[in-house]
Amino acid sequence: MITLDKSTEKNTDFLSETIQYLEDRGFENIKADIEGFETPKSYLKKGSEVSITPDIVAERDGERHIFEISLKSKKPRLLKSKWLFLDVLSNMKQYRFKIVTTRGHYKFTDETLSSINLDKKMIKI
């Protein structure tokens, strides 16, 4: 499963902060891989045991949104693969895909997005 260093307390705190940010902006049906919320649907790669789960899935005005938390990672290659997959999935299913980051991680996020030619505006919290 691609979790990408999400188990640390700092990352869990930022995930909670992001959920609060989304709730304040009118998002509903929030699913997140954190205690107290339903876990989003995972996608399994055929022929392997790799499973990809979005960080946050929420709805607003009848549209589904996928949010990915971007924090510095020791495995940027896996992170890039995950973002590319979620971008393709969101385009196929007509969802919105957004990257959420925080101070101290802007440069890492921008460089990662540039390296995979993904043109996304970051939500900065």
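This text gives an overview of the structure that appears in the document. (Residues numbered from 1 in each chain as written. Predicted model: local features only at pLDDT ≥ 70, side-chain atom pairs only at ≥ 80, totals over all residues. Heavy atoms only, no water.)

1. As for the overall build of the chain
Here is the rule we go by: A run of H or I in DSSP becomes a helix once it reaches four residues, and a run of E becomes a strand once it reaches two; helices and strands are each numbered from the N terminus. The globule rule is 2.2 Å times the number of residues to the power 0.38, and the radius of gyration it is compared with is taken over C-alpha atoms. Working definition: with a 1.4 Å probe on protein chains only, accessible area under 20% of the residue-type maximum means buried, over 50% means exposed, and in between means partly exposed. Two residues qualify as a contact provided that any one of their heavy atoms is within 4.5 Å of a heavy atom in the partner residue.
Within the chain, the secondary structure is distributed over 3 helices and 7 strands. The helix and strand sequence of the chain, counted from the amino end, reads α-β-β-β-β-β-α-β-α-β. At 14 Å, the chain has a C-alpha radius of gyration in line with the 14 Å of a compact globule built from 125 residues. If you line up the chain on its principal axes, its C-alpha atoms span 35 × 35 × 30 Å. Here the chain holds 125 residues, and the buried ones make up 40% of them. Considering only contacts in the chain between residues 6 or more positions apart, those separated by 24 or more positions represent 57%.

2. Looking at the nonpolar core
For clarity, the threshold we go by: For our purposes a nonpolar core is just a set of buried Ala, Val, Leu, Ile, Met, Phe, Trp, Tyr and Cys residues, chained together by side-chain atoms within 4.5 Å.
Core analysis: the biggest nonpolar cluster contains 15 residues, and Ile19, Ile30, Ile56, Phe67 and Ile69 have the highest contact counts within it. Mapped onto this core, the elements with two or more residues apiece are helix H1 (9-24), strand S1 (28-32), strand S4 (56-60) and strand S5 (63-70). Top element by residues in this core is H1. It accounts for 4 residues. Setting aside chain neighbours within four positions, we find Ile30 in contact with Ile19, Leu22, Glu23, Phe37, Ile56, Val57 and Ala58. Core analysis: the next-biggest nonpolar cluster, separate from the first, contains 14 residues, Ile52, Ile66, Leu86 and Leu89 among them.

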